[in-house]
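# Report on the structure
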Amino acid sequence: MRDIIIAGGSIAGTTAARTLRTLGFDGRITIVEPDPHAYSRPSLSKAAMRGEDVVMPLDDGDGVRWLRGRRVVDHDPDAATVTLDDDDVLGYDGLVIATGSRAIRLGGAERDDELLVRDLHDVHALRARLVAGSKVLIVGGGLLGIELASGCRELGCAVTVVTMDPLGLRVLGDFISSRIEQWALDAGVDVVRTTARARLAEGTRNVVVVGGDVLTGDVLVTAIGDVPNVEWTPLGVPRRGVLADSVGAVADGIVVAGDAGFRRTPEGRDVRDPHWYAAMDQGRIAAHTLVGREPDRPAATRYLWTECFGHLVKLAGEVPTGPPTRVVDAGPEGSGLFVWEAGGIVRSAVAIDGKISVPRLRSMVTAPETTSD
């Protein structure tokens with residue numbers, strides 16, 4: 001294997017490239033990345049929303065050839081080629097599928113009154129419409145919706161969040177969710193809980209209809225999830241991604257990492273983990289698999305973090321349910337290190353406003369059992 005193409009240059013793709021060099025691969029690595037800028041995506045809804053410069057210097061180290069501002073639009077697995085948006089055809093010995101995902105549009109088709117936050121351009125477009133006192137309507141109460149609500153409040157906007165679940169419930173659990181929702185209320189955010197799906201009103205700008213309620217704003221932002229960018233490859237399953245085994249293998253000489261991939265559990269469930277930690281872990285594992293090396297350790301413990309309303313939350317392990325079984329270190333104003341145990345092992349650990357390092361927090365949690373696909 002002498003020529004590896006990585007489709008997608010975000011964290012999964014760059015981690016795969018770096019790992020390949022660490023493993024001693026000395027052939028050509030080409031990364032095809034549509035975004036002309038380099039930055040960490042988690043910073044978009046945090047530092048970038050505060051107006052901080054998050055663009056990093058372009059990294060051409062490790063002998064990697066970057067094709068920035070270019071996109072893979074077609075794939076012929078039999079011929080081992082990919083076609084770019086300028087009709088260039090590139091051959092490969094190995095392919096890393098790391099094209100990530102895009103935001104789901106509430107209205108389906110693109111509308112200029114529905115703003116999304118998926119890249120740096122989106123953040124700049126949103127900030128350009130925000131002025132102190134403007135009414136911002138955010139649909140979606142996951143991590144992205146929470147962080148955008150926090151950023152808009154910091155800019156002096158009135159914020160309403162429409163959500164079917166308590167804020168952050170699905171990824172952080174009820175104990176953390178209740179705290180975040182209280183922080184949001186204390187910050188002046190109006191949280192509208194609904195059992196009906198929101199829809200955009202036809203013929204009217206910045207209007208959302210939820211059941212029998214009509215909600216309006218000066219600015220409308222949706223944060224209702226994402227869909228994998230896999231339409232360019234025949235290996236992709238629409239709205240699910242590219243199916244891989246537990247070490248990222250898709251087919252001979254092809255692996256997948258990050259938001260573009262999913263795996264099927266022995267129980268028949270399709271599992272996709274569109275988070276920063278998973279993209280890094282999968283990029284590393286996919287690189288090992290591509291060059292025929294066993295990963296040096298199993299996939300690491302799940303890890304998530306968020307900054308919102310003046311607080312920092314880090315979670316390692318499973319989504320916790322109910323109150324913690326013990327508090328390791330309680331601090332002022334609800335801060336501390338909280339642990340959930342079951343069956344004599346640590347299932348989850350959460351740090352609120354603490355300085356504990358990511359490796360230490362993850363090491364507290366018992367590693368999940370690995371199963372073969």
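In case you missed it, the structure is sitting above this.
Residues numbered from 1 in each chain as written. Predicted model: local features only at pLDDT ≥ 70, side-chain atom pairs only at ≥ 80, totals over all residues. Heavy atoms only, no water.

Burial analysis of strand E2 (residues 28–33) places five of its six residues in the buried class, the great majority of the element. Where strand E1 (residues 3–7) lies against E2, five bridges are found, and the strand directions are parallel. Looking at E2, one finds that Ala 7 is bridged to Val 32. Tracing the backbone out of E1, into helix H1 (residues 11–22) and back to the parallel element E2 gives a crossover that is right-handed. Of the pairings in the sheet, the one linking E2 to strand E3 (residues 64–68) comprises five bridges and is parallel in character. Residue pairing for E3: Glu 33 is matched across the bridge by Arg 68. (Buried < 20%, exposed > 50% of the residue type's maximum accessible area, 1.4 Å probe, protein only. Helix = DSSP H or I, 4+ residues; strand = E, 2+ residues; numbered from the N terminus. Pairing = 2+ DSSP bridges. Right-handed = clockwise from strand over helix to strand, strands pointing away.)

When glycine is set aside, most residues are seen to have a negative phi, and most peptide bonds are trans. Phi is positive for Asp 87, which is not a glycine, with a value near 75°. Its place among the elements puts Asp 87 in the loop between strand E5 (81–84) and strand E6 (89–91). Taking relative accessible area as the criterion, Asp 87 reaches 64% and is therefore assigned exposed. With a phi angle near 50°, Phe 309 is a residue other than glycine that sits in the positive phi range. Looking at where Phe 309 falls in the secondary structure, it is placed in the loop between strand E23 (303–308) and strand E24 (311–317).

Another point: the environment of Ser 134. Relative to the helices and strands, Ser 134 is located in the loop between helix H2 (120–129) and strand E9 (135–139). The class for Ser 134 is buried, based on a relative accessible area of 6%. For the pair formed by Ser 134 and Ala 223, sequence separation is 89 residues and the distance between their alpha carbons is 19 Å. From its side chain, Ser 134 meets the backbone oxygen of Val 131 in a polar contact 2.7 Å long. (Polar contact = N/O pair within 3.5 Å; in protein donor to acceptor, adjacent residues only side chain to side chain.)

Between the first and last C-alpha of helix H4 (residues 169–186) there are merely 18 Å, a value that for 18 residues lags more than 12% behind the 26 Å anticipated at 1.5 Å per step. Taken as a whole, H4 has its buried residues at Val 171, Leu 172, Gly 173, Phe 175, Ile 176, Ser 177, Ile 180, Glu 181, Trp 183 and Ala 184. Where the residues of H4 are buried, they touch helix H3 (143–154), strand E11 (190–193), E23, E24, strand E26 (336–342) and strand E27 (345–352). In the segment just after H4, Gly 188 is the residue with positive phi, at about 95°. (Expected span 1.5 Å × (residues − 1). Contact = heavy atoms within 4.5 Å.)

Looking now at the packing of H1 against helix H5 (residues 276–290). Packing of H1 against H5 brings their axes to within 7 Å, and their N-to-C directions diverge by 35°. As for the relative orientation of H1 and H5, their crossing is right-handed in sense. Contacts between H1 and H5 involve Ile 11, Ala 12, Thr 15, Ala 16, Thr 19 and Leu 20 from the former and Trp 276, Ala 279, Met 280, Gly 283, Arg 284, Ala 287 and His 288 from the latter. (Axes fitted to C-alpha atoms, helices over the stretch in contact; angles between N-to-C directions. Left-handed = near helix turned anticlockwise from the far one by under 90°.)

In terms of nonpolar packing, the biggest core is built from 55 residues, with Leu 126, Val 136 and Val 159 touching the most fellow members. For this core, the element with the highest residue contribution is H4, accounting for seven residues. (Core = buried A, V, L, I, M, F, W, Y, C linked by side-chain atoms within 4.5 Å.)

Here we take up the sheet that holds strand E13 (residues 207–210). One open sheet accounts for three strands, arranged E12-E13-E14; its pairing is antiparallel. Strand pairing shows two members of the sheet lacking a second neighbour, strand E12 (198–200) and strand E14 (213–216), which therefore form its edges. Across the sheet, the mean angle separating the axes of adjacent strands is 30° when strand polarity is ignored. Alignment of E13 against E14, held across four bridges, turns out to be antiparallel. If you follow Val 207 over to E14, its bridge partner there is Thr 216.

Turning to the pattern of salt bridges, a few remarks are in order. Taken as a whole and judged by the stated rule, the model has 20 salt bridges. Residue Asp 88 pairs with Arg 70 through a salt bridge whose shortest N-O separation is 3.0 Å. In this pair, Asp 88 is assigned in the loop between E5 and E6 and Arg 70 in the loop between E3 and strand E4 (72–76), connecting sequence segments 18 residues apart. Looking at Asp 88, the relative accessible area reads 36%, which means it is partly exposed. Measuring nitrogen to oxygen at the nearest pair gives 2.6 Å for the salt bridge that ties Asp 226 to Arg 272. Note that Asp 226 is positioned in strand E16 (residues 226–228) and Arg 272 in the loop between strand E22 (270–271) and H5, a separation of 46 residues in sequence. The partly exposed category is assigned to Arg 272, whose relative accessible area is 23%. Each of Arg 118, Asp 226, Asp 259 and Arg 272 takes part in salt bridges that share partners, so that together they form one network. (Salt bridge = Lys/Arg side-chain N within 4 Å of Asp/Glu carboxyl O.)

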